[in-house]
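Each chain is listed here by its residues.
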Amino acid sequence: MYQLEEQKYFYYFIAIAVLMVAFLLVSIWKKRKQRSFADPELLEKLSPDASPFKAVLKVMTIAIGLSFLIIALVNPKMGTKLKTIKRQGVDVVFALDVSKSMLAEDIVPNRLDKSKQIISKIIDKLGSDRVGIIIYAGNAYPLLPITTDHAAAKMFLQNANPNMVSSQGTAINEALKLAKTFYDDDDQTNRYLFVISDGEDHEENVSYIAEDATKEGIKIYSIGVGTAKGSPIPLKRDGTLIGYKKDRKGEVVITQLNDKTLKTIASDGKGEYLYGNNTAKTVEYIDELLLAADKKEFETKQFADYKDQFQWFVAFGLLFLIFDTLMLNKKTTWIQRLNLFNEKKKA
């Protein structure tokens, strides 16, 4: 396992890209000037030892050397052993609706992206709490089993989209049943499930499943995204709008926030319904809710004793830069004999 201590230095790679572009432009300019000065045969007689390939090799060597030095600034660290540590926290599972109606743009940028923003900001505020993610539409799927790896949770979350489920619809019952399997610690008394959806096309008979979940210590909170006015569902190809979803009569479908079922789920799940269009208020409420919850101590394994690895990259970087310093722009006799760079003179 590794860590990158100072990732901000990756921006220095922009300087290397600028260097490469500048070299390319200068090379083109030099060739044009040389052609205007004399023909290729005369240029070869005037500068017989000049090596065009060496210039390319030198700039590549400099770029590689600087790249190693930039990585050294980032300071990669390697975990040398796995050890068990004790942490305190609660179990938090998100059930995210990824049905096509969540692509409606009645809130910016759209309902699904707004939901991802809410979940991502909540994850940022989690301490040692464990987190899991479920996605659902016509079916429910585990996107990420419950874990303490918050970075992985955010990475998987960003990839969630309607194409990840095999059928459309809103199988909230399946999501609730699947969520019950996520809580794998029988001693954990604080279990939270957050259902995030627009409430569109939800199944009606969800009360008994929500009530059954509360018997296992799961508190269910629902978060509604969208507006009562509603919006059409955009159809896009490669990011370009090609139309809007239509019903069997050929009329454009308008999807609206339906909070009735979401409120029922929250009520039967011993939780509350939250209107999620205001991201800051929603995140603040949930943050205070989880902070006030009793934290259970549990054991987890993680890599420890991270050691700096920057010295290796410094060594390789300096090696390439020294090699560049010793390498001249003119042809090298012994290399010319080997003809490695196609420098052998014409007969």
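Look above for the structure.
None of these values were measured; they are calculated from a predicted model. (Residues numbered from 1 in each chain as written. Predicted model: local features only at pLDDT ≥ 70, side-chain atom pairs only at ≥ 80, totals over all residues. Heavy atoms only, no water.)

Colleague: What am I meant to see in the environment of glycine 271 here?
Modeller: Mapped onto the fold, glycine 271 is located in the loop between α8 (259-268) and β12 (273-275). On the accessibility criterion, glycine 271 (21% relative accessible area) is partly exposed. Each C-alpha atom of the pair glycine 271 and leucine 193 lies 9.1 Å from the other, and the pair is 78 residues apart in sequence. (Helix = DSSP H or I, 4+ residues; strand = E, 2+ residues; numbered from the N terminus. Buried < 20%, exposed > 50% of the residue type's maximum accessible area, 1.4 Å probe, protein only.)

Colleague: Please clarify how the packing of aromatic side chains should be interpreted in this entry.
Modeller: Each aromatic ring pair is described using two quantities: the centre-to-centre distance and the angle formed by the ring planes. For the coordinates displayed, the defined rule picks out nine aromatic pairs. Ring centres of phenylalanine 68 and phenylalanine 313 lie 6.3 Å apart, and the angle between their planes is 35°; this geometry places the pair in the tilted category. With phenylalanine 68 in helix α3 (residues 52-74) and phenylalanine 313 in helix α10 (residues 310-326), this residue pair connects regions lying 245 residues apart in the sequence. For the pair tyrosine 192 and phenylalanine 194, a centre-to-centre distance of 6.4 Å together with 10° between the ring planes defines the contact as stacked. With relative accessibility at 4%, the residue tyrosine 192 sits in the buried group. The exposure class assigned to phenylalanine 194 is buried, which follows from its relative accessible area of 0%. Among the aromatic residues, those joined into a cluster by ring pairs are Phe68, Phe313, Phe316 and Phe320. Lying across the ring of tyrosine 192, lysine 219 places its NZ or CZ 5.4 Å from the centre. (Phe/Tyr/Trp six-rings, centres within 6.5 Å; stacked < 30°, edge-to-face > 60°. Lys NZ or Arg CZ within 6 Å of the ring centre and 35° of its normal.)

Colleague: Would you explain the packing of helix α4 (residues 111-125) against helix α9 (residues 279-292) in this entry?
Modeller: Each pair of packed helices can be summarised by the angle the axes make with each other and by the distance between the axes. Viewed as axis vectors pointing N to C, α4 and α9 meet at an angle of 35°, and their least axial separation amounts to 10 Å. For the pair α4 and α9, the crossing hand works out as right-handed. When α4 is examined against α9, the residues Lys114, Gln117, Ile118, Lys121, Ile122 and Lys125 are found in contact with a partner set consisting of Thr279, Thr282, Val283, Ile286 and Asp287. Broken down by class, the residue content of the contact of α4 with α9 amounts to four nonpolar, three polar and four charged. (Axes fitted to C-alpha atoms, helices over the stretch in contact; angles between N-to-C directions. Left-handed = near helix turned anticlockwise from the far one by under 90°. Contact = heavy atoms within 4.5 Å. Nonpolar A, V, L, I, M, F, W, Y, C, P; charged D, E, K, R; others polar.)

Colleague: Looking at this model, I keep getting lost on the sheet that holds strand β4 (residues 130-136). Mind explaining?
Modeller: Strand pairs in the sheet, formed through backbone hydrogen bonds, run parallel or antiparallel to each other. Pairing is mixed across the open sheet formed by six strands, whose spatial order is β5-β4-β3-β6-β7-β12. Two strands close off the open sheet at either side, each with one partner strand: β5 (140-147) and β12. Adjacent strand axes in the sheet meet at a mean angle of 15° when their direction is disregarded. Bridging between β4 and β5 involves five bridges; their strand directions are antiparallel. Across the sheet, the residue bridging to isoleucine 135 is tyrosine 141, located in β5. (Pairing = 2+ DSSP bridges.)

Colleague: Explanation requested: a nonpolar patch on the surface in the structure shown.
Modeller: A surface patch of nonpolar side chains, amounting to about 550 Å² of accessible area, comprises Tyr11, Tyr12, Ile14, Val18 and Leu73. Position of tyrosine 11 relative to the elements: it lies in the loop between β1 (2-4) and α1 (13-37). Judged by its relative accessible area of 63%, tyrosine 11 is exposed. (Patch = residues over 30% accessible without salt bridge, like charges linked within 9 Å, V, L, I, M, F, W, Y side chains within 5 Å. Areas by Shrake-Rupley, 256 points an atom, 1.4 Å probe, with all protein chains shown as cover. Salt bridge = Lys/Arg side-chain N within 4 Å of Asp/Glu carboxyl O.)

Colleague: Sorry, what's going on with α9 here?
Modeller: Think of an α-helix as turning once every 3.6 residues; residues three or four places apart then point the same way. Relative to the 20 Å expected for 14 residues at 1.5 Å per residue, α9 spans 20 Å between its end C-alpha atoms, a close match to the ideal helical length. Those residues of α9 lying buried are Thr279, Thr282, Val283, Ile286, Asp287, Leu289 and Leu290. Taken down its axis, α9 places every buried residue within 160° of arc, on the same side. Relative to its buried face, α9 has exposed residues pointing more than 90 degrees away, namely Ala280, Lys281, Leu291 and Ala292. Buried residues along α9 sit against β3 (91-97), α4, β6 (191-197), β7 (218-224) and β12. (Expected span 1.5 Å × (residues − 1). Arc of directions from axis to C-beta.)

Colleague: Is there a simple way to think about the pattern of salt bridges in this case?
Modeller: Oppositely charged side chains are able to pair whenever their charged atoms sit close together. For the coordinates displayed, the defined rule picks out twelve salt bridges. Here arginine 130 makes a salt bridge to aspartate 91, at a shortest N to O gap of 2.9 Å. Of this pair, arginine 130 sits in strand β4 while aspartate 91 sits in strand β3, and the two are 39 residues apart along the sequence. Each member of the pair, arginine 130 together with aspartate 91, is buried. Close ionic contact of glutamate 105 with lysine 236 constitutes a salt bridge, the shortest N to O distance being 3.1 Å. Of the two residues, glutamate 105 sits in the loop between β3 and α4 while lysine 236 sits in strand β9 (residues 234-237), which places them 131 residues apart along the sequence. Among the residues examined, glutamate 105 registers a relative accessible area of 39% and is labelled partly exposed. Connected through salt bridges with shared partners, the residues Glu5, Lys77 and Asp308 form a single ionic network.

Colleague: Sorry if this is basic, but what is going on with unusual backbone geometry here?
Modeller: Excluding glycine, most residues fall at negative phi; most peptide bonds, likewise, are trans. Residue proline 109 is reached from valine 108 by a cis peptide bond, and omega for that bond is -5°. Take proline 109: it is sitting in the loop between β3 and α4. Phi is positive for aspartate 238, close to 55°, though the residue is something other than glycine.

Colleague: For this particular structure, what's the right way to read the nonpolar core?
Modeller: The nonpolar side chains of a soluble globular protein tend to be buried with one another. Among the nonpolar cores identified, the biggest contains 35 residues, and Phe94, Leu96, Val98, Tyr192 and Phe194 are the most heavily contacted of them. For this core, the secondary-structure elements that each account for two or more residues are β3, α4, β4, β5, α5 (150-158), β6, β7 and α9. Of the residues forming this core, the biggest block, five residues, is contributed by α4. Ignoring sequence-local partners within four residues, the contact set of phenylalanine 94 consists of Ile119, Ile122, Ile123, Val131, Gly132, Ile133, Ile134, Phe194 and Ile196. Ranked by size, the runner-up nonpolar core spans 22 residues in total, among them Ala95, Tyr136, Ile220 and Ile265. (Core = buried A, V, L, I, M, F, W, Y, C linked by side-chain atoms within 4.5 Å.)

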